[in-house]
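Commentary on secondary and tertiary structure
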Amino acid sequence: MAKLHVKAAVIGAGMSGLVAARELRREGHQVVVFERSSDIGGTWLYDPSVESDPLGLDPSRDVVHSSMYQSLRLNLPRPIMGFSDYPFPKKGSGDSRNFPGHEEVLQFLRSFAEDFKLVELIRFGHEVVRVERDVEGSQDWWAVEWRMRGGEEVAGVDVFEAVVVCNGKNTQPRIAEFPGTIV
């Protein structure tokens, strides 16, 4: 039985998105990665900017994607930060501490993307605004609607047979609600 090769979208070029793209490509699928920023790394792409509305109540605010701070260090040791076939650099490759800083994670992801030629799959500055499944006849497909980062209007819609969402969970603040409080 022949393998089915599909056109697949990956949303996000952080750690999970890069691994998903590599594995899909290894299986022979045609892969397109949508990344809203201008670089890979997802949450590991440090941005010193601070949101004007830290609670995230103003929907028109400029959203700062990364939730990290400049001195952030991982709470996981180096040996378990890598992949089974692509280990994280050992101590002595720069910082000798057991728990690497975010700069090292970003460099690791950049090296991973370069070594597996994933950068050529990424559409930088493309923010996905909607994904919708549609079944037309016997064809099952997904419409991925996107806009250029900073743009208001939809710039395009592409059709895929599979979609992998790897956009993380650290973009929107989570605010606790307590009875009797006004936010």
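Residues numbered from 1 in each chain as written. Predicted model: local features only at pLDDT ≥ 70, side-chain atom pairs only at ≥ 80, totals over all residues. Heavy atoms only, no water.

1. Description of the side chain of glutamate 145
- By secondary structure assignment, the location of glutamate 145 is in strand E5 (residues 139-148).
- Side chain to side chain, glutamate 145 and arginine 130 meet in a polar contact 2.7 Å long.
- In this structure, glutamate 145 is in contact with Glu127, Val128, Val129, Arg130, Val154, Gly156 and Val157, ignoring residues within four places of it in sequence. (Helix = DSSP H or I, 4+ residues; strand = E, 2+ residues; numbered from the N terminus. Polar contact = N/O pair within 3.5 Å; in protein donor to acceptor, adjacent residues only side chain to side chain. Contact = heavy atoms within 4.5 Å.)

2. Focus: the pattern of salt bridges
- As enumerated under the stated definition, the model contains 13 salt bridges in all.
- We note a salt bridge from arginine 26 to aspartate 85, for which the minimum N-O separation is 2.8 Å. Note that arginine 26 is positioned in helix H1 (residues 15-26) and aspartate 85 in the loop between strand E2 (30-35) and helix H2 (102-115), a separation of 59 residues in sequence.
- Judged by relative accessible area, which is 47%, arginine 26 ranks as partly exposed. (Salt bridge = Lys/Arg side-chain N within 4 Å of Asp/Glu carboxyl O. Buried < 20%, exposed > 50% of the residue type's maximum accessible area, 1.4 Å probe, protein only.)

3. Quick notes on the sheet that holds strand E7 (residues 162-165)
- Strand order in the open sheet made by the four strands is E3-E2-E1-E7, with parallel pairing throughout. The open sheet has two edge strands with one neighbour each: strand E3 (122-124) and E7. Taken pair by pair, the neighbouring strands of this sheet meet at an average axis angle of 20°, ignoring direction.
- Bridging between strand E1 (residues 7-11) and E2 involves five bridges; their strand directions are parallel. Each bridged residue has a counterpart across the sheet, and for alanine 8 the counterpart in E2 is valine 31.
- Those strands touched by H1 are E1, E2, E3 and E7, and its axis lies near 170° from that of E1. (Pairing = 2+ DSSP bridges. Axes fitted to C-alpha atoms, helices over the stretch in contact; angles between N-to-C directions.)

Everything listed here is a matter of geometry and, on its own, says nothing about what the molecule does.
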